[in-house]
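# Tertiary structure, described
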Amino acid sequence: MEEKRIKKNPADFSVQPNMTDYESTYDSFEWESVAKEFEGLPSGGLNIAHEAIDRHANGALAEKLALIWLGENGETRTYTFAQMKRESAKFANVLKSLGFEKGERIYTLSTRLPELYIGAMGILKNGSVMCPLFSQFGPEPILQRMQRGDARGLLTTQRLYEKKIAPQMDKLPELRTILLIDAEEDVNEKVLSLPRLMEKASDSFEIVHTEPEDMSLLHFTSGTTGMPKGVIHVHKAIYTHWVTGAYVLDLHRNDIFWCTADPGWVTGTSYGIIAPWLHGVTNIVNEAEFDAERWYEILQKYKVSVWYTAPTAIRRLMRLDIDPLKSYDLSSLRLVQSVGEPLNPEAVVWGVEKLKMPIHDNWWQTETGGIMIANYLCQDVKPGSMGRPLPGIVAAVVQQNEDGTVTEITEPGKEGDLALKPGWPSMFRGYLHNEEKYKKSFVDGWYISGDLAYRDADGYFWFVGRADDIIKTSGHMVGPFEVESALMEHPAVAEVGVIGKPDPLIGQMVKAFVSLKSGYEPTEKLKRELIGFGRKKLGAAVAPKEIEFQENLPKTRSGKIMRRLLKARELGLPEGDTSTLEK
Ligand code: ATP
Ligand code: MG
């Protein structure tokens with residue numbers, strides 16, 4: 001891929017002093033040094049809710065806003081750190097009075113309501129484990145995840161309970177109690193009104209003793225490549241959340257931070273709840289779904305300074321005919337970060353043109369618990385690159401050998417498995433009920449991520465594709481991302497998903513599914529034009545030989561293009577698990 005570079009002058013970035021000299025920060029970094037950022041429990045343990053909320057509520061930030069909640073219908077609710085401490089204490093008292101104990105799993109199934117955030121902190125204060133579900137899941141994926149994760153409690157709303165839980169209560173015999181956020185009265189002895197219980201609960205709670213290695217969250221993966229996996233995290237993960245909050249999101253006390261991810265996915269908890277609060281930063285929560293104008297209005301009205309979003313949202317903004325800086329005052333915005341999928345260079349450049357700042361890509365997974373590789377505010381951005389590893393993270397491109405050993409690839413530009421040296425604090429501690437799969441992720445002292453990448457001579461990492469999505473054509477290995485990004489440069493193209501289609505002559509043929517921007521017609525002529533465009537950019541060996549127009553590409557509910565579904569549909573194969581498919 002032809003390489004561009006968005007030059008930055010580190011002198012302009014006094015806000016990120018620790019990262020202006022990346023190499024020395026990297027070399028001198030030790031994870032244990034992060035311990036000094038936390039207070040610890042009076043009993044000596046470590047608890048996420050204490051570090052995120054209570055510590056601030058007991059100090060100078062007590063009256064500072066922790067949460068600004070923007071309801072779907074225009075209403076707003078705000079909570080200071082002191083209020084959040086009291087509300088989450090009440091919630092923890094409710095759990096305690098119902099007999100919920102340390103380590104028990106409490107699920108959440110709610111739209112982005114304040115009670116979801118209060119509940120998250122309350123669950124952790126009680127030493128219980130939070131297991132977030134995405135509120136738009138249908139009954140079956142909910143049941144399956146609750147059964148697999150041994151759900152004992154559930155925080156949800158009346159509507160979601162009636163629609164998705166009540167019809168299958170008999171299949172969840174171990175589920176003891178359901179707390180309804182918006183019910184005035186109890187439904188029965190198991191299904192209770194939360195407001196009624198909160199009203200009676202004390203607003204002081206002694207946080208249950210948790211150790212850094214105690215389980216805090218159970219998160220299910222996005223299901224992009226197959227059956228979602230239950231991923232186990234511990235309280236110590238906040239070491240990573242704090243460090244990435246400082247170095248990648250560049251959080252400073254006066255920032256207003258907005259993460260658009262839903263807490264049903266790991267970005268929505270690690271960065272939509274925990275990281276900003278660890279830094280004592282005001283966190284914006286928008287209940288409503290994507291709406292370009294509303295989004296720009298939020299950025300403007302609440303003076304958002306750091307914005308964390310995803311490629312799918314950026315591509316949607318790019319599709320529209322809105323010139324944000326002409327219509328909105330976004331002068332407070334100083335950093336945009338993106339995660340979840342490869343960010344096409346075109347999207348980074350759109351940021352430079354339309355927001356007057358590049359979109360900064362970063363890479364991580366549910367399994368890594370926090371950001372591992374990133375483009376930093378103070379460093380040059382190479383559009384299309386995921387950036388460089390975090391201080392304290394050893395990332396490499398490796399080759400797995402037949403004898404079970406792993407060799408590091410040091411040659412710039414050579415592709416291999418993206419791997420990490422185990423031991424970072426937010427590393428997953430297991431796949432739920434699947435010890436074997438967990439063990440298999442570690443080979444010869446490396447965690448193998450399942451993604452393929454290469455590293456350039458400057459140490460920047462470039463995403464090639466998921467190991468499962470790689471296309472072998474005429475003896476070449478082709479990463480779908482490169483082909484997708486090349487086609488994205490054509491003005492008619494809004495989104496692309498690329499697969500390998502079995503071909504007797506060349507092994508696999510590169511096929512691209514394309515959705516068009518509004519105003520373009522899916523004609524044969526445009527198809528030929530795109531094939532020609534691809535050839536010119538990529539060369540005949542790599543360019544797609546077949547193009548198919550689709551109005552919308554199949555995506556996970558977190559917005560990732562599901563290439564495995566494009567492939568299954570193309571080949572008439574079973575679709576596999578579609579619980580996370582966007583409907
Ligand atoms: P599943 O594991 O169930 O198939 P998933 O891998 O999509 O789902 P997540 O943990 O939510 O579940 O996503 C992590 C994956 O998302 C990464 O392994 C990578 O493939 C992709 N990803 C995340 N960020 C980036 C990025 N910046 N560039 C490229 N790919 C990314
Ligand atoms: Mg994965």
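Keep in mind that this is a model prediction, so the values were computed, not measured.

### Quick notes on the overall build of the protein
Counting its secondary structure elements, the protein contains 17 helices and 28 strands. A globule of 583 residues ought to have a C-alpha radius of gyration of about 25 Å, and the protein, at 24 Å, matches this closely. Projecting the C-alpha coordinates of the protein onto the three principal axes gives extents of approximately 70 × 60 × 55 Å. A burial count over the protein gives 62% of its 583 residues as buried. Within the protein, contacts between residues separated by at least 24 positions form 70% of all contacts whose residues are at least 6 apart in sequence. Averaging the coordinates of the 69 positive side-chain charges in the protein and doing the same for the 81 negative ones gives two points 2 Å apart.

### So, the side chain of Thr260
Following the sequence through the fold, Thr260 ends up in the loop between β10 (256–259) and α9 (266–278). The exposure class of Thr260 is buried, given its relative accessible area of 19%. A polar contact is formed between the side chain of Thr260 and the side chain of Thr309, at a distance of 2.9 Å. The residues touching Thr260, leaving out its near neighbours within four places in the chain, are Trp295, Trp307, Tyr308, Thr309 and Ala310.

### Regarding the environment of Glu548
Note on placement: Glu548 falls in strand β28 (residues 546–549). Reaching out from Glu548, the side chain makes a polar contact with the side chain of Lys511 at a distance of 2.7 Å.

### A few points about the packing of aromatic side chains
Scanning all chains against the criterion turns up 22 aromatic pairs. Ring plane angle 50° and centroid distance 5.5 Å describe the contact between Phe38 and Tyr239, whose orientation is recorded as tilted. With Phe38 in the loop between α1 (22–28) and α2 (48–57) and Tyr239 in helix α8 (residues 238–247), this residue pair connects regions lying 201 residues apart in the sequence. For the pair shown, Phe38 and Tyr239 are each scored as buried. Here Phe428 and Tyr438 contribute two aromatic rings whose centre-to-centre distance is 4.8 Å and whose plane-to-plane angle is 80°, an arrangement assigned as edge-to-face. A residue pair is termed long-range when its members are at least 10 positions apart, and Phe428 in the loop between β19 (416–420) and β20 (430–431) and Tyr438 in helix α14 (residues 435–440) qualify at 10 residues. In this structure, Phe428 and Tyr438 share a single accessibility class: buried.

### Remarks on the environment of Ala66
Relative to the helices and strands, Ala66 is located in strand β1 (residues 65–70). Classification of Ala66 as buried rests on a relative accessible area of 0%. Spatially, the C-alpha atom of Ala66 lies 7.4 Å from that of Met84, the residues being 18 residues apart in sequence. Not counting residues up to four positions away in its chain, the partners in contact with Ala66 are Tyr79, Thr80, Phe81, Trp277, Val281, Thr282 and Asn283.

### Comments concerning the packing of α8 against α9
Between α8 and α9, the shortest axis-to-axis distance is 9 Å and the interhelical angle comes to 75°. Relative to α9, the element α8 lies roughly perpendicular. Every residue of α9 that contacts α8 at Ile238, His241, Trp242 and Thr244 is listed here: Ser270, Tyr271, Ile274, Ala275 and Leu278. Across the contact of α8 with α9, the residue classes break down as 6 nonpolar, 3 polar and no charged.

### Points about the domain arrangement of the protein
As far as domains go, the protein holds domain 1 (10–455) and domain 2 (469–571). For domain 1 and domain 2, the distance between their C-alpha centres works out to 32 Å. Every contact between the two is made by 23 residues of domain 1 and, on the other side, 24 residues of domain 2. For the domain 1 and domain 2 pair, buried surface summed over both sides reaches about 2,000 Å², with 54% attributable to carbon and sulfur atoms. It is Thr224, Arg315 and Arg319 in domain 1 that bury the most area against domain 2; as a group they hold 29% of the surface buried on that side.

Conventions and cut-offs
- Residues numbered from 1 in each chain as written.
- Chains lettered and ligands numbered in written order.
- Predicted model: local features only at pLDDT ≥ 70, side-chain atom pairs only at ≥ 80, totals over all residues.
- Heavy atoms only, no water.
- Helix = DSSP H or I, 4+ residues; strand = E, 2+ residues; numbered from the N terminus.
- Rg over C-alpha atoms; globule rule 2.2 N^0.38 Å.
- Buried < 20%, exposed > 50% of the residue type's maximum accessible area, 1.4 Å probe, protein only.
- Contact = heavy atoms within 4.5 Å.
- Lys, Arg positive; Asp, Glu negative; His and termini not counted.
- Charge placed at Lys NZ, Arg CZ, Asp CG, Glu CD.
- Polar contact = N/O pair within 3.5 Å; in protein donor to acceptor, adjacent residues only side chain to side chain.
- Phe/Tyr/Trp six-rings, centres within 6.5 Å; stacked < 30°, edge-to-face > 60°.
- Axes fitted to C-alpha atoms, helices over the stretch in contact; angles between N-to-C directions.
- Parallel < 35°, antiparallel > 145°, perpendicular 65-115°, else oblique.
- Nonpolar A, V, L, I, M, F, W, Y, C, P; charged D, E, K, R; others polar.
- Domains from an automatic or database assignment.
- Buried area = accessible area lost by both parts, 1.4 Å probe.

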